[in-house]
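What follows is each chain in one-letter form.
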Amino acid sequence: MFAGPLDESIIKRAREAGLLDLKIHQLRDYTHDRHKTVDDRPFGGGPGMLLKPEPLFEAIEDLRRKSTRVILLSPAGRKFDQAIARELAGQKHLLLVTGHYEGFDERVREKLADDELSIGDYVLTNGALPAMVVIDAVTRLLPGVLGDDESSRDESFSAGLLEYPQYTRPAEFRGMKVPGMLLSGNHAEIKKWRAEQAKLRTKWQRPDLLK
Ligand code: 4HQ
């Protein structure tokens, strides 16, 4: 799953430029039995399987160093957002731990995890996409990854508002007109209008962001 998305576009360029050093590891490489068993049934019964502690402890203890932040991906984690992305972008080494289908044996949480993150309140089939979401959001914040244009655009919206409406040519399309003032060339007025629109849109779509 990781091969496609992380070998495209901005992430690909960041890796090639040496701005991001990213490695994928297989938990099965840290098993010792013939079947490379990584999971087992929960004590006490119940549906589903859990990732066994031994391969996870071995893998994480092998891969982590002093500076490593070990992060589990699961719906039980704290909600990932832009502030957490910024915080993680300042770390030297992240180890993102994802399960396929399964949850984690609680001892992994207690002894190995520095943090547990969720990308949102929905259930996915596995933690690969959440890990890639975190990688993507963090990578674009690393120095040198984005062009000046993209970076400064980003900063102007870190104000915590949604984007104002934007239009490109043609000035009229299927009878729908671009707001006249955007064509006026009056930059002070345009700036004011955009600020108003951003506020209105945020109030309507995401009132939680204004609190
Ligand atoms: N899963 N945010 C179940 C998620 C998830 C999420 C990952 C599915 C873990 C066991 N992870 N596995 N939402 O839904 O992070």
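Residues numbered from 1 in each chain as written. Predicted model: local features only at pLDDT ≥ 70, side-chain atom pairs only at ≥ 80, totals over all residues. Heavy atoms only, no water.

Undergrad: Tell me about the layout of surface pockets, and name the residues and values.
TA: In this structure, the largest pocket occupies an estimated 1300 Å³ of space. Taken together, 46 residues make up the lining of the largest pocket; nearest its centre are Lys23, Ile24, His25, Leu95 and Leu96. Mapped onto the lining of the largest pocket, the elements with two or more residues apiece are helix 2 (53-63), helix 3 (82-89), strand 4 (93-97) and helix 5 (128-139). Residues of the lining of the largest pocket, tallied by class, amount to 27 nonpolar, eleven polar and eight charged. (1 Å grid on protein atoms, 1.4 Å probe; cavity = no way out; pocket = protein on both sides within 12 Å on 5 of 7 lines; lining within 4 Å. Points joined across faces, edges and corners; volume = space filled by probe spheres on them. Helix = DSSP H or I, 4+ residues; strand = E, 2+ residues; numbered from the N terminus. Nonpolar A, V, L, I, M, F, W, Y, C, P; charged D, E, K, R; others polar.)

Undergrad: Outline unusual backbone geometry, listing residues and values.
TA: Cis geometry is found at the peptide bond from Arg169 to Pro170, where omega equals 5 degrees. Mapped onto the fold, Pro170 is located in the loop between helix 6 (148-157) and strand 7 (172-173). Its identity is not glycine, yet Arg174 carries a phi of approximately 50 degrees, on the positive side. Structurally, Arg174 can be placed in the loop between strand 7 and strand 8 (176-177).

Undergrad: Got a sec to walk through the sheet that holds strand 2 (residues 50-51)? Specific residues and values, please.
TA: Read across the open sheet, the three strands follow the order 1-2-5; overall the sheet is mixed. Pairing within the sheet leaves two strands with one partner each, and these edge strands are strand 1 (39-40) and strand 5 (103-104). Note that strand 1 and strand 2 share two bridges and pair antiparallel. Across the sheet, residue Asp40 finds its bridge partner in strand 2, namely Leu50. (Pairing = 2+ DSSP bridges.)

Undergrad: Give a detailed account of the site of the ligand, specifying residues and quantitative values.
TA: Close contacts around the ligand come from 15 residues, with Glu102, Ile119, Gly120, Tyr122 and Leu124 the closest. Between a nitrogen atom of the ligand and a main-chain N or O atom of Ile119, the distance comes to 2.9 Å. Contact distances for the ligand include 3.2 Å between a nitrogen atom and a backbone N or O atom of Gly120. Protein coverage of the free-state accessible area of the ligand, which is 360 Å², stands at 94%. Of all the elements in the fold, those that place two or more residues in the shell around the ligand are strand 3 (68-79) and strand 6 (115-118). Looking at side-chain class alone, the shell around the ligand contains nine nonpolar, five polar and one charged residues. (Near = heavy atom within 4 Å. Polar contact = N/O pair within 3.5 Å; in protein donor to acceptor, adjacent residues only side chain to side chain. Areas by Shrake-Rupley, 256 points an atom, 1.4 Å probe, with all protein chains shown as cover.)

Undergrad: Please provide a residue-by-residue account of the side chain of Ser74, values included.
TA: Residue position: Ser74 is located in strand 3. Of the residues examined, Ser74 reaches a relative accessible area of 12% and is grouped as buried. In this structure the side chain of Ser74 is engaged in a polar contact, spanning 2.9 Å, whose partner is the backbone nitrogen of Ala76. Once residues within four sequence positions are removed from consideration, Ser74 is found in contact with Phe104, Arg109, Glu116, Leu117 and Ser118. (Buried < 20%, exposed > 50% of the residue type's maximum accessible area, 1.4 Å probe, protein only. Contact = heavy atoms within 4.5 Å.)

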